[in-house]
Amino acid sequence: MTGSEALVVTGRADRYLEQFAKHFAHRPGGIQAQLDDDGGLLVDFGGATCRMRATAEGLALSAEAAGAEELGQLQRRLTERLEQIGRRDGIAVRWNPDFTSAASQDAGGHRRH
């Protein structure tokens, strides 16, 4: 498994966590989302997972996938969605490590969804 983490600095992490929970609750295609005991959200995409948790500093993301390409795809999907819903707040997601560029190169420089 390959993993990465991100901390999205925001004073409204609870709001974004709630929006993601609602978003993934309505997603078809086998995506499963469930709240865990500590109020975090676990999203299972099949071959990849992401845990989201609201903290005092912001929204903490932890992603895992079988390989770098899958992880890069997951990072792109999550980043695009979070930056879209947080555009008014200027939300920016920075992964550590960031596998998005490696996955883009594997895809011929084109985005895949």
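Bear in mind the structure is a predicted one, so any value in this text is a computation, not a measurement. (Residues numbered from 1 in each chain as written. Predicted model: local features only at pLDDT ≥ 70, side-chain atom pairs only at ≥ 80, totals over all residues. Heavy atoms only, no water.)

As for the pairing of strand E5 (residues 58-65)
Where burial is concerned, most of E5 is hidden: six out of the eight residues are buried. Two strands pair when backbone bridges link them, and strand E1 (residues 2-9) and E5 are joined in this way by eight bridges, in the antiparallel orientation. Looking at E5, one finds that Val 8 is bridged to Leu 59. Direction of pairing for strand E4 (residues 48-54) relative to E5: antiparallel, over a ladder of seven bridges. Opposite Thr 49, over in E5, you have Glu 64 as the bridge partner. The hairpin turn running from E4 into E5, its antiparallel successor, is three residues long. (Buried < 20%, exposed > 50% of the residue type's maximum accessible area, 1.4 Å probe, protein only. Helix = DSSP H or I, 4+ residues; strand = E, 2+ residues; numbered from the N terminus. Pairing = 2+ DSSP bridges.)

Focus on the packing of aromatic side chains
Evaluated as defined, the whole model comprises zero aromatic pairs. Over the face of the ring belonging to Tyr 16 we find Arg 15, whose NZ or CZ atom lies 5.1 Å from the ring centre. (Phe/Tyr/Trp six-rings, centres within 6.5 Å; stacked < 30°, edge-to-face > 60°. Lys NZ or Arg CZ within 6 Å of the ring centre and 35° of its normal.)

Here's the deal with the pattern of salt bridges
Scanning the model with the defined rule gives three salt bridges in all. Residues Asp 89 and Arg 12 are paired through a salt bridge, measuring 3.1 Å at the closest nitrogen-oxygen approach. On the criterion of sequence distance, the pair formed by Asp 89 in the loop between helix H2 (68-85) and helix H3 (100-106) and Arg 12 in the loop between E1 and helix H1 (13-25) is long-range, its members being 77 residues apart. Classification of Asp 89 as partly exposed rests on a relative accessible area of 37%. (Salt bridge = Lys/Arg side-chain N within 4 Å of Asp/Glu carboxyl O.)

Remarks on the confidence of the model for the protein
Predicted confidence across the protein gives a mean pLDDT of 85, with 86% of residues reaching 70 or more. Across the protein, E5 holds the top mean pLDDT of 96, while H3 sits lowest at 58. Within the model, pLDDT remains below 50 along residues 106-113, and this stretch shows nine contacts once partners closer than five positions in the same chain are excluded. (pLDDT = per-residue confidence, 0-100. Contact = heavy atoms within 4.5 Å.)

Overview of the packing of H1 against H2
At a closest axis distance of 11 Å, the pairing of H1 and H2 adopts a crossing angle of 120 degrees. As judged from the angle between their axes, H1 and H2 are oblique. For the pair H1 and H2, the crossing hand works out as right-handed. Taken together, the residues of H2 that come into contact with H1 (itself represented by Tyr 16, Gln 19, Phe 20, His 23 and Phe 24) are Leu 78, Arg 81, Leu 82 and Ile 85. Grouping the constituent residues of the contact of H1 with H2 by class yields six nonpolar, two polar and one charged. (Axes fitted to C-alpha atoms, helices over the stretch in contact; angles between N-to-C directions. Parallel < 35°, antiparallel > 145°, perpendicular 65-115°, else oblique. Left-handed = near helix turned anticlockwise from the far one by under 90°. Nonpolar A, V, L, I, M, F, W, Y, C, P; charged D, E, K, R; others polar.)

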